[in-house]
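Results of the structural survey
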Amino acid sequence: MSDSKDEDDHAARMRAFEERLAKAKGKPEEAAHQESHYSQAQVAWRMVIELVAGLAIGFGVGYGLDTLFGTMPIFLIPFIFFGLAAGVKTMLRTAKELQVKQQADPAGDDEG
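To keep things clear, this report deals only with the structure shown in the data block.

**Thoughts on a nonpolar patch on the surface**
A surface patch of nonpolar side chains, amounting to about 530 Å² of accessible area, comprises Leu55, Ile77, Phe81, Leu84, Val88 and Leu92. Considering every element that reaches the nonpolar patch, the biggest residue donor is helix α3 (residues 72-111), with five residues. By the element assignment, Leu92 lies in helix α3. On the basis of relative accessibility, which here comes to 57%, the residue Leu92 falls in the exposed class.

Dropping the structure here:
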């Protein structure tokens, strides 16, 4: 019996502690204005990395095919351009996702 009473007492104390803790924390603070700049920088770096990755993959595939077939610039040059096109296409897709997200945010703020 004493174990049950101790467990109930412990559970009640924990609930009371969690309630006091929740009151002390209050509302979560909103993100600082500077953090939005960091997210913009992250998006910019993501776009740069996508472009460079496309170029690197195109270069790698073109160089690999040229090395395999023994023809140096024949595959290298077109695949560099294919990689550039793929990188730009991926960057545009990221920009479109960002634009859709920014357009959706003000609409959600008006309702709430």
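**Some points on the side chain of Glu50**
Mapped onto the fold, Glu50 is located in helix α2 (residues 33-69). Residue Glu50 is classed as buried on the basis of its relative accessible area of 17%. Of the polar contacts made by the side chain of Glu50, one reaches the side chain of Thr94; its length is 2.9 Å. Apart from the residues lying within four places of it in its own chain, the contact partners of Glu50 are Gly87, Thr90, Met91 and Thr94.

Conventions used here
- Residues numbered from 1 in each chain as written.
- Predicted model: local features only at pLDDT ≥ 70, side-chain atom pairs only at ≥ 80, totals over all residues.
- Heavy atoms only, no water.
- Patch = residues over 30% accessible without salt bridge, like charges linked within 9 Å, V, L, I, M, F, W, Y side chains within 5 Å.
- Areas by Shrake-Rupley, 256 points an atom, 1.4 Å probe, with all protein chains shown as cover.
- Salt bridge = Lys/Arg side-chain N within 4 Å of Asp/Glu carboxyl O.
- Helix = DSSP H or I, 4+ residues; strand = E, 2+ residues; numbered from the N terminus.
- Buried < 20%, exposed > 50% of the residue type's maximum accessible area, 1.4 Å probe, protein only.
- Polar contact = N/O pair within 3.5 Å; in protein donor to acceptor, adjacent residues only side chain to side chain.
- Contact = heavy atoms within 4.5 Å.

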